[in-house]
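Structural characterization, general
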Amino acid sequence: MSDSPSLSSFQSDKPLLDHLTIDLILAILNHTFLNPVFAWLIPLAYRAQTFQYHHPPFYLSAAYAAFVTVLWISKQVNRRLAYGAKREFDWMEEVVVITGGASGLGLLIAEVYGMRGVTVAVLDVREPEGGEARNVEFYKCDVGDRKQVEAVAKDIERDLGTPTVLINNAAIVNGKKILDLSAEEIETNFKTNLLSSFYTIKQFLPGMLKLNRGSIITVSSVLSSIAPAQLSDYAASKAALKSLHSSLTAELAHLPGIKTLLVTPGQLSTPLFYGVETPSNFFAPVLEPVDVAKEIIAAIDGGLGGHISMPVYSRWIGVMEVLPASVQKFLRWASGADRAMAGFKGRKVLDQEEREAL
């Protein structure tokens, strides 16, 4: 029930050119020409070659370096003003709870923290892949069931202590048109994808408030901003999650010791979306769970709040909402977003294929 893939590979190796994406190009630029340290090396190199201050190569490169530096400082100031100071994160004092943590993204995070000696509780209806992991306790729980969440919260408090990090990662995908969805499938979608976050926050936030220390991570999706065909229930639940995060952040704004983090990834290499092909690997690459996990772990370790949005296009997808309707329609057609689910198979089909292959 994790919004993430199995650790086992279910896709063929990518061709070399598939690794060339706009995200890779921007990452290289951010570490070179858009990095203040690198930018200042250019005018310093000109000075080392005895260029005078009034020579165009020197003062133009210096102006560029100053511009890049101002942008970098502005970014840091903006983060501080928007999300406040960092909170202290002590590995030995933290208890991490991860919903949908039996596989993929959730399991990766659980295993990393477990290896570091952090106490981790995984909530899922599926047994963890790969068996037991160090310092990771598994609690079988349907997080869409309020009573089960209440019961398991008491067990975690008794067994492990007060949770200080909550990662709401559980999700399911039906991948059907509205008229093909049963009432039960719709209800299960919203219980698992949305209501589970309300249930876990209500159970674990009070303990964080007492300690004045905590982090709440909400794993939403880029589909919270654009809802393709055959994903009405999934996209609606993810949009609601984003609203939940915004409201929760406002309610906790006066508490610097508790941080909230929103994660809105694009398509993950996941069994949940097995069979779905990205319309453009260059502009909309499929994310590897390990890359998303690294960003989430870095933010938690740093005591940061904020918003992680990957890949690059997901940071700008909200701009579509202010564009003319005709332009939005054209972009949806050009991107292939409403055709992407045509080959959808999902986790159930993947599990069946794996069983048949054994």
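Residues numbered from 1 in each chain as written. Predicted model: local features only at pLDDT ≥ 70, side-chain atom pairs only at ≥ 80, totals over all residues. Heavy atoms only, no water.

Considerations on the overall build of the protein chain
Each helix and strand in the protein chain was counted, giving 11 helices and seven strands. Relative to its length of 358 residues, the protein chain is compact, with a C-alpha radius of gyration of 22 Å against a globular reference of 21 Å. For the protein chain, the spread of C-alpha atoms along the principal axes amounts to about 75 × 50 × 45 Å. Of the roughly 18800 Å² of accessible surface on the protein chain, a fraction of 60% belongs to carbon and sulfur atoms. (Helix = DSSP H or I, 4+ residues; strand = E, 2+ residues; numbered from the N terminus. Rg over C-alpha atoms; globule rule 2.2 N^0.38 Å. Areas by Shrake-Rupley, 256 points an atom, 1.4 Å probe, with all protein chains shown as cover.)

Considerations on the layout of surface pockets
Taken as a whole, the second largest pocket holds about 840 Å³ of empty space. The wall of the second largest pocket is formed by 38 residues, among which Ala-284, Tyr-313, Ile-317, Ser-335 and Ala-337 lie closest to the centre. In terms of residues, the lining of the second largest pocket owes the most to one element, helix α10 (residues 325–335), which gives four residues. Looking at the lining of the second largest pocket residue by residue, the class counts come to 27 nonpolar, eight polar and three charged. (1 Å grid on protein atoms, 1.4 Å probe; cavity = no way out; pocket = protein on both sides within 12 Å on 5 of 7 lines; lining within 4 Å. Points joined across faces, edges and corners; volume = space filled by probe spheres on them. Nonpolar A, V, L, I, M, F, W, Y, C, P; charged D, E, K, R; others polar.)

Thoughts on the packing of helix α5 (residues 146–159) against helix α6 (residues 183–211)
At a closest axis distance of 10 Å, the pairing of α5 and α6 adopts a crossing angle of 30°. In terms of axis orientation, α5 runs roughly parallel to α6. Handedness of the α5/α6 crossing: right-handed. Seen from α5, the contacting residues are Arg-146, Val-149, Glu-150, Ala-153 and Ile-156; seen from α6, they are Tyr-199, Thr-200, Gln-203 and Phe-204. Among the residues forming the contact of α5 with α6, the class breakdown is five nonpolar, two polar and two charged. (Axes fitted to C-alpha atoms, helices over the stretch in contact; angles between N-to-C directions. Parallel < 35°, antiparallel > 145°, perpendicular 65-115°, else oblique. Left-handed = near helix turned anticlockwise from the far one by under 90°. Contact = heavy atoms within 4.5 Å.)

Some remarks on the nonpolar core
By size, the foremost hydrophobic cluster in this structure holds 28 residues, and its most contacted members are Ile-109, Tyr-113, Ile-167, Ile-217 and Ile-296. Mapped by element, the contributors of at least two residues to this core are β1 (95–99), α4 (104–116), β2 (119–124), β4 (165–168), β5 (214–219), β6 (258–265), α8 (289–301) and β7 (306–310). In terms of residues, this core owes the most to one element, α8, which gives six residues. In this view, Ile-217 contacts Val-165, Leu-166, Ile-167, Asn-168, Leu-261, Val-263, Ile-296 and Ile-300; residues no more than four positions away in its chain are not counted. Judged by nonpolar contacts, the second largest core, of 24 residues, contains Leu-123, Ile-216, Leu-244 and Leu-248. (Core = buried A, V, L, I, M, F, W, Y, C linked by side-chain atoms within 4.5 Å. Buried < 20%, exposed > 50% of the residue type's maximum accessible area, 1.4 Å probe, protein only.)

Remarks on the domain arrangement of the protein chain
As far as domains go, the protein chain holds domain 1 (19–83) and domain 2 (95–352). Put simply, the middle of domain 1 and the middle of domain 2, counted by C-alpha atoms, are 35 Å apart. If you look at the interface, domain 1 gives nine residues, while domain 2 gives 11 residues. Across the interface of domain 1 and domain 2, roughly 820 Å² is buried in total on both sides, 60% from carbon and sulfur atoms. Looking only at domain 1, the three residues that lose the most surface to domain 2 are Ile-22, Asp-23 and Tyr-83, adding up to 56% of its buried area. Along the contact surface separating domain 1 from domain 2 lie zero salt bridges. Linking domain 1 to domain 2 there are four residue pairs in polar contact (both at pLDDT 80 or more). (Domains from an automatic or database assignment. Buried area = accessible area lost by both parts, 1.4 Å probe. Salt bridge = Lys/Arg side-chain N within 4 Å of Asp/Glu carboxyl O. Polar contact = N/O pair within 3.5 Å; in protein donor to acceptor, adjacent residues only side chain to side chain.)

Comments concerning α5
Under the 1.5 Å per step criterion, the end-to-end length of α5 is 20 Å for 14 residues, consistent within 8% with the ideal 20 Å. Taken together, the buried positions of α5 are occupied by Val-149, Val-152, Ala-153 and Ile-156. Around the axis of α5, the buried residues are gathered within 115° of arc, so they sit on the same side. Seen from the buried face of α5, the exposed residues on the opposite side, beyond 90 degrees, are Lys-147, Lys-154 and Arg-158. The inward-facing, buried residues of α5 abut β1, β2, β3 (136–140) and α6. With a side-chain oxygen positioned 3.0 Å from the backbone nitrogen of Lys-147, the residue opening α5 is Asp-145. At the C-terminal side of α5, Gly-161 shows a positive phi close to 110°. (Expected span 1.5 Å × (residues − 1). Arc of directions from axis to C-beta.)

Describing the packing of aromatic side chains
Summed over the entire model, instances satisfying the criterion amount to seven aromatic pairs. The cationic tip of Arg-47 hangs over the ring face of Tyr-53; the distance from NZ or CZ to the ring centre is 4.4 Å. (Phe/Tyr/Trp six-rings, centres within 6.5 Å; stacked < 30°, edge-to-face > 60°. Lys NZ or Arg CZ within 6 Å of the ring centre and 35° of its normal.)

Section: the sheet that holds β5
Taken together, seven strands build an open sheet; the order of strands is β3-β2-β1-β4-β5-β6-β7 and the sheet is parallel. At either end of the open sheet lies a strand with only one pairing partner, and these are β3 and β7. Along the sheet, successive strands turn relative to each other by an average axial angle of 15°, direction set aside. As paired elements, β5 and β6 share six bridges and run parallel to each other. Following the sheet pairing, Gly-214 is matched in β6 by Ile-258. Each of β1, β4, β5 and β6 is contacted by α6, which is oriented at about 170° to β4, the strand it contacts most. (Pairing = 2+ DSSP bridges.)

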